[in-house]
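Take a look at the letters that make up each chain.
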Amino acid sequence: MGQILRVDLSRKKHHVEPLPKDLARNYLGGLGFAARILFDELKPKIDPLGPENELVVATGPITGTVWPTSGRFAVAAKSPLTDVWGEAHCGGFFGPMLKFAGYDALIIQGRSENPVYLWIDDASVEIRRAKDLWGRNTAETINMIRDARGDPQIEVLSIGKAGENLVRFACIVNNYYDAAGRAGLGAVMGAKNLKAIAVRGTHGVKVSNEEEFLKLAAEGYDRVFKEERLDGLKYYGTSPPLIDMKRLVGDLPTKNHRTLTFKEAEKFGCKAVERYFVKSRACFACPIRCKKIHKIPSGKEGLIMKAPEYESTCAFGPNCGSNDYRAILEANTLCDLFGMDTMSAGTVVAWLMECYEKGIVTKKNCDGLEMNWGNSGAIVALMGKIANREGIGDLLAEGVYRAAQKLGRGSMKYAMHVKKMEMDLNDGRGHRSLGLTQATSPRGSCHMRSLVVVDQGFAFQKVAAERYGKDKLPEICDPYSEKHKGLAVKDCEDVYAIRDSLAMCWYACGWPPTFWINDFAAAAAAATGIKEFGNVKEMYLIAGRICNLRRAFNLREGVGANGDTLPERILKEPIPDGPSKGQVVNLKAMLRDYYELRKWPNGAPSRKTLVDLGLKDVAEELKRLGRI
Amino acid sequence: MCELFDPIGPSPLQDLAPSSPTRPPHTLHLVLVVGNDTTNYKNFIATALPRNPFSCMRPSLRLKIGAEMAKITYTGEGCTGCMACVAACMYAHDKEFGVGASRIWIVKKEPITDHPIVCVQCGKPPCRDVCPVGAISKVDDLVLVDEKLCIGCGACVEACPFGAITIHPKKHVAIKCDLCGGKEPQCVKFCPPKVLKLQTPTLAPKAKVK
């Protein structure tokens with residue numbers, strides 16, 4: 001049976017609890033654990049940067065095994081950026097190592113007075129002083145801890161300058177460039193004065209039904225190898241193929257989402273970027289290897305950097321009007337080192353550029369930086385300013401919503417955010433279901449929680465027919481139609497909740513549609529030995545619990561249907577040019593379908609919905625607070 | 001007689017590996033008890049130690065390519081550092097997925113180094129030469145550790161020029177690649193980029209030529 005490690009930084013104490021059986025049975029793992037633990041243990045309306053907030057790091061039942069793409073873990077807390085539910089998921093090697101140390105989840109409470117780091121060496125847990133680590137970037141932190149312990153196997157989860165300075169979109173970095181990026185969880189760690197969590201595990205993870213599990217895992221590898229649609233990811237990583245694809249279908253947010261076509265996007269495509277590739281790297285037990293290392297010719301040796309993901313490329317490139325790939329690489333690397341979310345950072349910079357264009361801010365306000373569209377030097381310079389909260393960076397570090405509120409002068413019109421979180425680099429106008437995804441995502445604007453793939457072009461008609469029935473075709477595959485999108489988003493949200501609870505990667509599960517919920521069910525049943533997990537209906541029930549709990553968490557904070565909206569630009573401004581010319585998002589129609597399918601009248605789960613899922617206590621708490 | 005022998009546990013391999021350069025001290029004990037008649041000893045091994053750890057581990061002919069014994073080789077590029085081989089290796093031996101007691105390891109250095117390290121089954125293994133209790137020996141070109149004899153002193157760990165032999169964190173004995181006892185090596189089976197190969201030392205470099 002599993003264990004939960006609970007660390008209280010205020011009292012400098014820790015203790016190990018056995019994993020409650022009903023938690024494992026009803027919430028599967030990862031995201032599910034985090035949702036239940038945070039709903040139970042956090043009081044409503046607390047300060048996310050105060051000692052009452054808790055940080056949960058949770059792994060799933062298949063984390064640490066050789067199941068393809070299983071090396072992930074979930075981090076969750078109340079988000080300082082959105083003031084509601086905050087979750088982030090991360091690959092790399094920390095999750096498996098935490099599991100090898102014997103813990104399924106790690107809960108961090110309280111607040112330390114001095115900078116500390118947590119050192120977990122199997123059963124021995126120490127809270128150690130981090131005086132020398134404080135102020136270091138994430139890479140230095142990893143190297144210093146590994147050197148001090150003399151063991152390169154140690155996995156470290158750390159924050160950089162941004163987290164220390166409570167930048168509201170600071171992220172937590174593991175393994176140099178794998179980040180639990182969104183929702184500002186790095187600031188939660190920074191507020192707790194916790195610089196890093198280092199872990200070494202020498203135990204192993206046992207699976208219940210070994211034969212079945214190994215057979216399924218080997219089959220899983222085969223399926224990933226044979227999936228031709230993954231070849232792009234394997235050879236080019238996430239960024240170049242996606243840029244190429246979105247360039248063609250007209251879904252590439254440009255100049256702060258003003259349009260969806262960027263003329264020079266070819267500069268970031270496969271052909272242009274190929275020459276920089278030197279190496280592929282993978283997260284734990286991953287056959288896809290989408291992390292690419294670039295070598296940029298510069299000086300004698302050349303610079304070796306990690307290639308940006310699609311979101312980072314688009315955030316610092318097209319969305320800021322920049323065509324300078326080198327600057328994108330630099331900004332991306334700086335974000336990794338400072339521990340900042342690239343999507344949020346790119347969106348705030350784009351907001352500032354639009355404000356500059358409209359004359360809301362001037363060169364003088366921006367510390368002498370000319371914030372013209374595509375001024376790549378300024379983008380790179382701003383990264384350091386934001387992380388250190390210097391000058392204009394202090395304003396931007398608050399996130400785009402708070403910055404626009406502070407600045408005023410009509411700048412809120414250009415702040416692209418949902419539930420105060422900066423928009424990810426996708427746009428509902430070019431890909432309609434994404435509008436609903438971004439609006440309903442519990443952590444704010446986010447494409448990862450329920451991105452429907454089948455409506456991205458007409459290549460997935462067969463998959464769509466299998467999942468949702470032939471009668472839903474062809475509208476469900478039409479990127480510009482609102483019809484049946486509520487159904488698709490609801491289904492994807494459920495399936496992805498299970499994916500994040502098992503802790504598998506989005507690639508090969510969401511895109512391309514290789515694994516789906518029946519595969520998750522089989523894997524969970526074989527790994528845990530709980531037979532009920534093998535039933536797909538049971539999986540949907542667990543997913544329903546997780547989705548409703550996250551909703552209930554947000555409702556408790558006062559964010560329900562009022563938060564399910566999109567920026568005005570997406571709802572009202574039609575796209576001026578390109579393949580998706582003239583499109584806007586009709587969110588109301590999709591939201592109605594979605595609420596109906598979720599059984600959320602007026603955007604809040606009814607008592608019956610919650611009781612049917614076995615969440616009677618949640619229903620009672622919401623009723624006590626007058627939310628339902 | 002069985003009780004007499006079990007705790008000392010003379011390695012059956014001493015007999016099987018005549019090229020062993022140093023005679024470990026406890027063979028003297030063996031001679032005293034059993035006498036000089038080695039046929040007697042062989043019979044004893046066959047009957048008294050049916051669970052001889054190497055009876056199942058002796059690499060079968062399946063691992064032979066031509067006249068040479070195959071070993072695990074890395075093609076030199078393409079490792080992504082995903083550690084699937086590491087977890088699969090520990091599973092093959094301990095029935096647990098993990099990295100703590102694995103016989104294969106990946107050296108990672110920023111920014112671009114990922115290199116699997118696994119025993120190359122040396123022709124003149126220094127680990128065998130330094131083992132004070134004669135627990136390591138060569139059988140059919142394969143270097144094996146007798147876990148019963150091993151005292152976990154770590155002399156072999158120091159001697160190995162690759163770092164391919166380690167001490168098991170729980171059993172406290174030396175562990176190294178045994179090619180999964182003649183079955184299909186699990187690291188090779190689960191290597192996602194397919195860069196770990198079961199190959200003979202003479203064929204391995206040829207595979208590099210494109």
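Each remark here, short or long, concerns the structure printed above.
These figures come from a predicted structure and were not determined experimentally. Position numbers for residues count from 1 along each chain, tracking the sequence in the order it is written. Working convention: letters from A go to chains and numbers from 1 go to ligands, in the order in which they are written. Residues qualify for local features only when their pLDDT is at least 70, as the model is predicted, and side-chain atom pairs are given and counted only at 80 or more; totals for whole chains, interfaces and linings, by contrast, use all residues. As a rule here, side-chain values cover all heavy atoms of the structure and leave hydrogens and water aside.

**Thoughts on the environment of C314(A)**
Residues and elements named next belong to chain A.
Logical step 1: You can see C314 is positioned in helix 11 (residues 310-316).
Logical step 2: Relative accessibility decides the category of a residue: with a 1.4 Å probe and only protein chains considered, values under 20% of the type maximum give buried, values over 50% give exposed, and everything between is partly exposed. Note on C314: relative accessible area 0%, which makes it buried.
Logical step 3: Spatially, the C-alpha atom of C314 lies 18 Å from that of Y414, the residues being 100 residues apart in sequence.
Logical step 4: Whether two residues are in contact is decided by their heavy atoms: any pair within 4.5 Å suffices. The residues contacting C314, other than those within four sequence positions of it, are L252, P253, N319 and L425. Helix and strand assignments come from DSSP, with helices taken as H or I runs of at least 4 residues and strands as E runs of at least 2, each series counted from the N terminus.

**Considerations on the pattern of salt bridges**
Residue and element names in this part refer to chain A.
Logical step 1: Only one rule defines a salt bridge in this text: a Lys or Arg side-chain nitrogen within 4 Å of an Asp or Glu carboxyl oxygen. The final tally for this structure, using the stated rule, is 61 salt bridges over all chains.
Logical step 2: One salt bridge connects K246 with D251, and the closest N-O pair in it is separated by 3.3 Å. Side by side, K246 and D251 carry an identical accessibility label, which is buried.
Logical step 3: A salt bridge links R598 to E493; the shortest N-O distance between them is 3.3 Å. Placement of R598 in helix 23 (residues 587-598) and of E493 in helix 19 (residues 485-502) is noted, with a sequence separation of 105 residues between them.
Logical step 4: What you see here is one network of salt bridges that share partners, running through E87, R449, K490, E493, D494, R499, D500, R550 and R598.

**Some points on helix 9 (residues 239-249) of chain A**
Residues and elements named next belong to chain A.
Logical step 1: Residues S239, P240, I243, D244 and K246 constitute the buried set of helix 9.
Logical step 2: Buried residues in helix 9 make contact with helix 8 (231-236), helix 10 (270-273), strand 14 (277-281) and helix 11.
Logical step 3: Of the residues trailing helix 9, G250 is marked for its positive phi of about 75°.

**Looking at the packing of aromatic side chains**
Residue and element names in this part refer to chain A.
Logical step 1: Only Phe, Tyr and Trp rings are paired, with Trp represented by its six-membered ring, and only when their centres lie within 6.5 Å; those with planes under 30 degrees apart are stacked, over 60 edge-to-face, the remainder tilted. Under the definition given, this model contains 18 aromatic pairs over all chains.
Logical step 2: With 6.2 Å between their ring centres and 85° between their planes, F93 and F284 make a pair best called edge-to-face. Placement of the pair is F93 in the loop between strand 5 (85-90) and helix 3 (94-100) and F284 in the loop between strand 14 and strand 15 (291-296), with a sequence separation of 191 residues.
Logical step 3: Note on F93: relative accessible area 3%, which makes it buried.
Logical step 4: A relative accessible area of 1% places F284 in the buried class.
Logical step 5: As a reminder, the over-ring test applies to NZ of lysine and CZ of arginine, requiring each to be within 6 Å of the ring centre and within 35 degrees of the ring normal. Here R499 stacks its cationic end above the ring of Y496, 4.4 Å away from the centre of that ring.
Logical step 6: R598 extends its terminal NZ or CZ atom over the ring of W600, reaching a point 5.6 Å from the ring centre.

None of the figures reported here should be taken as evidence of function without further support.
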